[in-house]
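Results of the structural survey
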Amino acid sequence: MSKRTACLAGAAALIVTAAACSSSSSSQGPGSASPVAGGTITVLEGQGFSGDWPYGFDPATDVTGAANQDFFDAVYGQLFDLGANGKIEPDLATGYTFSANAETVTITLRQGVTFSDGTPFNAQAVYWNWMRDLGPLAVKAGIESMWDLKRVNPKVPTSAPVAGAIQVTGPYTIVVHQDVPNGAFIDQLFDAIANWIASPTAVQKEGQTKFAQYPVGAGPFTVVSDTYNSQLVVKKNPHYWQAGHPYLNEIIFKSVSGDEAAYESLLANQGQVYEDLSTTQILSQAGHHFTEEDNPGTSPYDLQLNTAVAPFNNVKARQAIYAATNFSPILSKIFGNRYPVTESFTGPGGICYDPNVSGYQGYDQTLAKTLIAESGLSKVTFTLGTINSSPVAIETTEALRTEWEALGMHVKIANYPLAGLISAFEANGGKSWTAMIQTAGAFDPAAGVGVGFRFGSLSPFSGVHDPALDKLLAQATSFTSLSQRCGYYNQAAAYIADHYYGPFYFTFAPANIAVKGVYGPGLTSPLPSVAVVPVIPWQDVYYHPAAS
Amino acid sequence: MAVPVPDATTLTPGPPPLPPLLAGGRRLRAQRAGRWLRLWVPAAVVILVLAICFLLPLVITLPSSTNGNILQAGDPPFSPGHWLGTDAVGVDIFSQLVYGGRVAFEVSLAVTGIGLVAGGLLGVAAGYFGGWADAILSRLLDILIAFPALVLALAIAEGLGPNEFHEILALCVFSIPSFGRLTRGATLVIRDHPYMVAARLSGTRGWRVIARHVLPNIMPGIVTFSLLGVGLLIILDGALDYLGWGIQPPTASWGNMIYNGYQVMTAQPEYVLIPSIVLVIVVVALNLLGDELRVRWGGQQ
Amino acid sequence: MALAQQIQLQGSDAGARERARRIAGSPALIVVGRRLLSAIVVVWGVTFMTFVVLSALPNDTAQVLLGLHATPADVARLNHALGLDEPFPVRYWHWLVSVLHGNLGTDLEGASVNSQLAQHLPVTMELLAYALVGSVVLALIVAVLAARKPGGIADRVSTAISLLGLSAAPYVVALLLIIVASVELNLFPVQSNSLGSGSVLSFVQQGTLPAASLGFPLFAIFTRLLRADLLDQMQREDYIVTAKAKGISPWQVLVRHALRNSLYNLITVIGLNLGQLIGALAIIETIFSVPGIGSELLTALGNKDIPLIEGITLVFAVVTVLGNLLADLMYAVLDPRIRHGRAQS
């Protein structure tokens with residue numbers, strides 16, 4: 001799993017920190033209108049997250065991760081999809097097997113598929129892509145190694161993998177030999193650059209810069225026009241392998257400045273779909289005009305505490321934060337009580353869901369005051385940060401600050417744009433930040449913005465450096481059996497609670513709103529999020545304008 | 001946001017000339033009344049707003065403008081304890097208006113004051129003494145004024161950290177040359193008036209002439225320009241706060257209120273309307289006052 | 001600075017008066033020349049000031065480019081390669097030289113600053129032009145209507161609207177326009193993010209609301225200016241005499257002559273206001289998602305993308321100076337007093 005991609009994917013996903021999951025689904029249910037081919041829709045994307053794509057769509061330079069995943073999926077398709085019921089579905093790959101020790105994965109690819117430029121899609125093309133994803137271009141872009149492979153220079157984790165680490169064993173079979181057991185390999189593919197296969201011929205012919213703007217893949221759509229961070233137009237790929245799909249002829253993706261602008265545009269009939277709506281006040285009204293989809297969340301809202309520096313290197317200070325936070329009025333007033341409360345990093349849409357952790361420290365004002373005095377927390381000023389593109393995220397930091405200041409703490413709020421947020425984490429060797437409101441967890445905690453991202457000692461976006469926790473998390477990926485893995489994740493959640501590494505609040509998933517007449521997974525039927533946001537499979541979306 | 005920066009006061013377009021005062025009782029009284037209203041209504045509004053922003057908190061205890069109780073979030077106007085309601089995290093809206101107004105006036109009055117004193121002195125000196133000093137000073141003022149004010153304020157906020165003091169600093173770079181050019185132009189205009197020549201010929205020293213003759217004559221024009229400038233600066237400060245590079249939350253500011261209100265404009269328009277209306281009223285009053293004073297004192301249109 | 005004032009500058013002794021007469025009599029070229037010279041000084045001063053201000057920004061370009069795992073030694077090496085650890089005058093010199101060569105560097109995302117500017121600057125310029133032209137045209141119409149009957153209804157209405165235009169912040173106007181014209185009346189799109197890359201019709205559709213927000217205060221100033229000028233001229237007797245002599249209505253004479261003179265004032269005012277206009281641009285572009293350099297600047301500031309900030313600030317400063325220069329030139333050279341002065345001497 002590319003750590004850096006995961007890092008940035010997670011960081012990008014943070015923006016949707018308070019995306020709402022509507023409690024009342026006014027969806028019309030799947031199949032209430034049968035699919036119809038044809039039509040064009042305009043999809044709005046919010047700036048600061050999915051509405052920004054400053055680097056284009058070359059997988060080997062993709063550092064925006066989850067934010068632009070549905071664009072990548074539209075153009076490239078995926079090897080495997082995360083299906084509506086949380087199952088792994090074949091797409092450009094038809095199957096996988098793990099070796100007994102879970103270190104080797106064999107993937108079988110679909111036969112008879114061509115890229116949209118006519119060149120063949122096969123194991124050789126996949127191999128070419130994966131080597132490129134591990135090569136100097138990706139390293140320079142800041143994407144770290146995807147998998148734990150044997151490297152030519154073992155001391156340099158970004159050096160090329162040894163010959164044979166990735167093997168083409170047949171025209172449609174490819175094998176990956178990892179150094180450690182990894183039962184989460186397939187789950188980790190869902191928002192990894194390895195899931196997107198570019199046409200090697202096109203990359204070599206067009207050159208990297210042009211290719212990033214006009215990518216060629218084997219997905220359901222091809223790019224018609226692309227203005228970075230502004231507008232992307234795609235049209236149906238007539239050679240797409242899945243007969244009958246995509247339904248839509250054309251999709252226009254437009255960047256808008258935020259939830260309010262998107263809502264206004266939809267009201268004025270200037271768009272049909274808006275992804276990732278988080279402003280609660282708008283959500284409570286949107287249901288009157290549009291379809292709102294209730295998607296099961298996989299990423300809880302979590303308050304990260306930096307254990308590397310004062311004040312939160314003191315365990316009493318951390319426990320004080322647990323005890324000082326009354327999240328239920330925040331959940332009620334800012335988020336309209338839409339989400340299930342949780343005490344760990346799993347959500348109802350993902351694997352190993354466990355909302356309650358034994359021994360979890362809840363709200364206790366008296367205890368909080370004692371702990372604040374004992375730890376000297378009231379003598380320092382610390383900073384609480386979050387991403388600035390979500391109004392509800394900012395409101396949450398304000399509400400927390402007010403609660404904590406009422407108990408005598410001194411808090412400064414810092415709201416960052418995405419790039420600034422990454423800098424804030426990384427500045428001064430990771431010793432600059434003190435507290436951050438972010439999301440932790442993904443469909444599979446081992447993937448994307450998973451738990452290692454927030455609680456592993458090697459992640460730059462983690463405030464925890466605890467080898468014992470690392471060991472638990474590593475053990476949780478060493479098995480292919482789900483029950484064994486979940487056992488370790490439960491232990492990890494208990495460990496985090498015991499050491500007060502960071503309170504969890506609730507699981508949410510963003511709401512997508514659409515005008516009546518648009519149907520699809522994530523829009524009119526629930527879809528679990530890969531990492532925070534559900535990724536709408538545009539090939540399964542259709543539009544009945546008459547119904548709107 | 002574009003108020004003309006005149007080179008000489010003659011270049012500033014003024015308010016419409018009043019119809020001539022007619023002889024004849026009722027009409028004359030009506031016109032006089034009209035003129036009186038035109039001066040005192042906006043003056044009263046400005047004084048009232050200043051009083052509310054600076055004096056009211058000393059008399060009444062207002063709820064905090066930075067910390068709110070989450071349990072009272074989203075209260076509508078006229079709720080108990082919150083005259084205009086509360087915002088999404090429970091902070092009182094009226095308090096935010098009051099303290100935001102304080103900041104707005106602090107910034108704009110400080111910048112105007114500094115510009116008036118520093119820029120005014122520079123400009124008068126340049127205009128009166130002329131020669132090389134004038135040439136150099138004029139170029140310097142041109143350079144400073146050529147810089148787009150907002151861009152400079154953003155760069156300074158980025159470099160030094162956004163807060164009220166740096167904001168004032170940044171905006172002074174814009175206001176000092178503005179006043180400089182204005183006073184220089186005005187000084188040039190009256191420099192060669194006969195009584196000025198007489199004063200110089202009679203041996204009065206330069207600074208005495210300036211103090212006794214130049215300043216009193218250019219003052220009216222400067223004062224009216226200042227009032228218009230205060231209005232412009234309030235808008236500019238609001239712009240910086242809106243963009244997030246001015247007064248930082250949780251400190252209340254009108255620009256920040258407008259920005260937050262915009263996020264839910266369609267769903268709850270009152271959050272953007274309330275601070276916007278207050279902003280417009282204040283600036284309109286300042287402009288009306290400035291215009292009326294110019295008509296009364298200037299007489300140059 | 002008007003030529004008349006320049007003359008006054010020379011002092012009131014006889015020798016100076018002689019010099020002044022000579023200046024008034026010399027060809028316009030010299031006046032232009034002096035203007036250009038001082039403008040070059042100003043442009044240089046502005047670029048210097050830009051660099052000074054931006055040098056104060058904490059520059060961790062090297063750190064960002066190299067990423068998290070860069071050792072301090074790596075960062076130091078890249079800093080040295082980028083020339084960021086050199087003393088201030090050296091850095092300024094390098095920067096100035098590369099700027100003069102037209103190379104504004106590479107931004108943090110790897111694109112050349114020049115290409116970013118080339119992509120976004122035209123959009124902003126088009127929007128600016130739309131706002132200026134629109135406000136001038138409307139101001140002309142309204143000013144003429146108002147001046148026809150001073151004190152009449154058209155006059156009062158135009159005065160009220162002017163007052164609002166001067167007092168309302170562009171961001172407030174923009175938000176209001178969005179609610180009324182976009183959401184309620186559905187006349188214009190809420191976001192204009194493909195402004196400048198489509199047909200003329202799409203430009204008008206997407207550009208009208210942002211241009212209106214920008215142009216409203218301009219419209220207010222221009223209306224006042226033109227109206228004052230018109231009324232001023234109207235009181236002059238020679239127009240009425242000329243009109244009677246020519247056998248046309250005084251109104252036509254007024255429009256033909258007065259407006260022409262007013263245009264100089266108009267241009268001067270535009271030039272003087274360019275700085276503030278550019279500031280307003282940043283906000284308007286953000287609200288409407290216009291892909292111009294105003295919103296680019298704000299994004300760059302948020303990302304602490306120093307090279308891009310430097311490039312855009314430089315462009316803003318130079319454009320403002322050029323605008324002022326143009327205004328100055330027009331005012332000085334085309335001032336009829338100079339033209340007539342030449343004829344007399």
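Predicted model only: the values in this text are computed from it and were never measured. The residue count restarts for each chain, going from 1 along the sequence in the order it is written. Chain labels run from A onward and ligand labels from 1 onward, assigned in the order the entries are written. The predicted nature of this model means local features are confined to residues of pLDDT at least 70 and side-chain atom pairs, given and counted, to a pLDDT of 80 or more, with totals for whole chains, interfaces and linings taken over all residues.

Segments assigned H or I by DSSP are reported as helices when at least four residues long, segments assigned E as strands when at least two residues long, and all are numbered from the N terminus. Secondary structure summary: chain C contains 15 helices and zero strands in total. We call a residue exposed when 12 or fewer other C-beta atoms sit within 10 Å of its C-beta, buried when the count reaches 20 or more, and partly exposed for counts in between; the C-beta positions come from the backbone. Looking at chain C as a whole, 43% of its 345 residues qualify as buried. For chain C, restricting intrachain contacts to residue pairs at least 6 apart in sequence, the fraction spanning at least 24 positions comes to 72%. What counts as a contact here is a pair of residues whose C-beta atoms, placed from the backbone, lie within 7 Å.

Here we come to the overall build of chain A. Looking only at helices and strands, chain A has 17 helices and 20 strands in total. Radius of gyration: C-alpha atoms only; globule rule: 2.2 Å multiplied by the number of residues to the exponent 0.38. On C-alpha atoms alone, chain A measures out to a radius of gyration of 23 Å, which is about the 24 Å that the 2.2 N^0.38 rule sets for 548 residues. If one aligns the C-alpha atoms of chain A with their principal axes, the spans along those axes are about 70 × 60 × 40 Å. Relative to its 548 residues, chain A shows a buried fraction of 60%. A separation of at least 24 residues holds for 75% of the contacts in chain A among residues at least 6 apart in sequence.

Attention shifts here to the sheet that holds strand β15 (residues 410-416) of chain A. Residues and elements named next belong to chain A. Here, a strand pair is defined by DSSP locating no fewer than two bridges between the strands. Spatial ordering of the open sheet is given by β15-β14-β16-β13-β17, a layout of five strands whose pairing is mixed. Every interior strand has two partners, whereas the edge strands, β15 and β17 (504-508), have only one. Ignoring which end each strand starts from, the neighbouring axes of this sheet average 25° apart. Relative to strand β16 (residues 435-439), strand β14 (residues 381-387) runs parallel, the two sharing two bridges. Here an axis means a line fitted to C-alpha atoms, over the contact stretch when the element is a helix, while the angle between two N-to-C directions is reported on a 0 to 180 degree scale.

Let us now look at the interface of chain C and chain B. Across the contact, 62 residues belong to chain C and 53 residues belong to chain B. Those elements that provide at least two residues to the side of chain C that touches chain B are α1 (3-9), α3 (28-55), α8 (153-167), α9 (170-184), α10 (200-234), α12 (250-288), α13 (293-303) and α14 (306-333) of chain C. Considering each element in turn, the side of chain C that touches chain B owes the most residues, 13 residues, to α12(C). Looking at the side of chain C that touches chain B residue by residue, the classes come out as 41 nonpolar, 18 polar and three charged. Think of it as three bins: nonpolar holds Ala, Val, Leu, Ile, Met, Phe, Trp, Tyr, Cys and Pro, charged holds Asp, Glu, Lys and Arg, and polar takes everything else, Gly as well.

Once that is clear, we can look at the sheet that holds strand β5 (residues 104-109) of chain A. Strand pairs in the sheet, formed through backbone hydrogen bonds, run parallel or antiparallel to each other. Residue and element names in this part refer to chain A. In spatial order, the strands read β4-β5-β7-β6; together these four strands make up an open sheet with antiparallel pairing. Only two strands of the sheet have a single partner each, and these edge strands are β4 (93-98) and β6 (166-170). Strand-to-strand, the axes of this sheet are offset by a mean angle of 20°, without reference to chain direction. Across the sheet, helix α3 (residues 123-133) touches β5, β6 and β7 (173-177), and the angle it forms with β6 is around 175°.

We now examine the packing of helix α10 (residues 315-324) of chain A against helix α12 (residues 365-375) of chain A. Residue and element names in this part refer to chain A. Where α10 contacts α12, the axes come no closer than 8 Å and their chain directions differ by 155°. Of the possible angle classes, the one that applies to α10 and α12 is roughly antiparallel. Regarding α10 and α12, the two cross each other, and that crossing is left-handed. Taken together, the residues of α12 that come into contact with α10 (itself represented by K316, A317, Q319, A320, A323 and A324) are L367, A368, L371, I372, E374 and S375. Any angle from 65 to 115 degrees is called roughly perpendicular, while one under 35 is roughly parallel, one over 145 is roughly antiparallel, and all others are oblique. Helix crossings are classified by the rotation of the near helix relative to the far one: an anticlockwise turn of less than a right angle makes the crossing left-handed, while a clockwise turn makes it right-handed.

Here we take up the pairing of strand β8 (residues 221-227) of chain A. Residues and elements named next belong to chain A. In terms of strand pairing, β8 meets strand β9 (residues 231-236) through six bridges, oriented antiparallel. Counterpart to T222 in the pairing with β9 is K235. Joining the antiparallel neighbours β8 and β9 is a turn of three residues, in which N229 adopts a positive phi near 60°.

Now for unusual backbone geometry. Across the junction of A:A310 and A:P311, the peptide omega takes the value -5°, indicating a cis bond. Tracing the chain through its elements places A:P311 in the loop between β13 (299-305) and α10. For the bond from B:P249 to B:P250, the omega torsion is 10°, close enough to zero to count as cis. Checked against the element boundaries, B:P250 lands in the loop between α7 (206-243) and α8 (254-263). Even without glycine at this site, A:D276 takes up a positive phi of about 65°. Of note, A:D276 is situated in strand β11 (residues 273-277). Taking the C-beta count within 10 Å as the criterion, A:D276 has 27 such neighbours and is therefore assigned buried. Notably, A:C352 is not glycine yet its phi reads approximately 60°, a positive angle.

Let us now look at the confidence of the model for chain A. All names here are of chain A. A residue's pLDDT is the confidence the predictor assigns to it, expressed on a 0 to 100 scale. Of the residues in chain A, 94% reach a pLDDT of 70 or more, and the chain-wide mean stands at 87. Taken element by element, the predicted model of chain A shows its lowest mean pLDDT in helix α1 (residues 3-14) (38) and its highest in β5 (96). Per-residue pLDDT stays below 50 along residues 1-31; that stretch engages in 140 contacts with residues further than four places along the chain or on separate chains.

Below, the discussion takes up the environment of B:S65. Residues and elements named next belong to chain B. Take S65: it is sitting in the loop between α1 (25-59) and α2 (93-129). By the C-beta count within 10 Å, which is 23 here, S65 ends up buried. Between the C-alpha atoms of S65 and F94, which are 29 residues apart in sequence, the distance is 8.2 Å. For S65, the contacting residues outside a window of four places in its chain are V91, D92, S95, Q96, Y99 and A252.

Most often, soluble globular proteins have nonpolar side chains that are buried together. For our purposes the nonpolar core covers buried Ala, Val, Leu, Ile, Met, Phe, Trp, Tyr and Cys residues that link as a set through C-beta atoms within 7 Å. Of all hydrophobic cores here, the largest spans 325 residues; its most connected members are A:A492, B:A153, B:A239 and C:Y171. Here this core takes 16 residues from α7(B), the largest share from any one element. If we skip the residues at most four places from it in the chain, B:A239 touches B:L150, B:G255, C:A169, C:Y171, C:G279 and C:I283.

Turning to α9(C), a few remarks are in order. All names here are of chain C. Any helix carries an expected span of 1.5 Å times its number of residues minus one. Relative to the 21 Å expected for 15 residues at 1.5 Å per residue, α9 spans 20 Å between its end C-alpha atoms, a close match to the ideal helical length. Residue I178 marks the point of greatest curvature in α9, where the axis turns by about 30°. Residues of α9 that are buried: P170, Y171, V172, V173, A174, L175, L177, I178 and S182. Remark: N186 follows α9 within two positions and exhibits a positive phi of approximately 55°. What the bend at a residue measures is the angle between two axes, fitted to the seven residues ending there and to the seven starting there.

What follows covers helix α6 (residues 88-100) of chain C. Residues and elements named next belong to chain C. For α6, with 13 residues, the first-to-last C-alpha span of 18 Å sits near the 18 Å given by 1.5 Å per residue. Burial analysis of α6 places just one of its 13 residues in the buried class, which makes it a mostly uncovered element. At the exit of α6 stands G102, carrying a positive phi of roughly 85°.

Before going further, it helps to examine the environment of A:S299. One can find A:S299 in strand β13. Taking the C-alpha atoms as reference, A:S299 lies 9.8 Å from A:D444; in sequence the two are 145 residues apart.

This part is about the pairing of β17(A). Residues and elements named next belong to chain A. Among the five residues that make up β17, five are buried, leaving the element largely enclosed by the rest of the structure. Bridging between β13 and β17 involves three bridges; their strand directions are antiparallel. Looking across to β17, one finds that S299 is bridged to F508.

Residue and element names in this part refer to chain B. One way to put it is that helix α3 (residues 131-146) packs onto helix α5 (residues 164-191) with a least axis distance of 8 Å and a crossing angle of 135°. In terms of orientation, α3 and α5 fall into the oblique class. Read as a crossing pair, α3 and α5 show a hand that is left-handed. Listed contacts from α5 to L141, L144 and I145 of α3 are V173, I176, P177, S178, G180 and R181.

Before going further, it helps to examine the confidence of the model for chain C. Residue and element names in this part refer to chain C. Per-residue pLDDT for chain C averages 75, and the proportion of residues at 70 or more is 76%. pLDDT under 50 marks residues 1-16. Its contacts with residues more than four places away, or in other chains, come to 26 contacts. Below pLDDT 50 for its whole length, residues 338-345 participates in nine contacts with residues either more than four positions away or in separate chains. Scored as a whole, the predicted complex attains pTM 0.83, and scored at its interfaces, ipTM 0.80.

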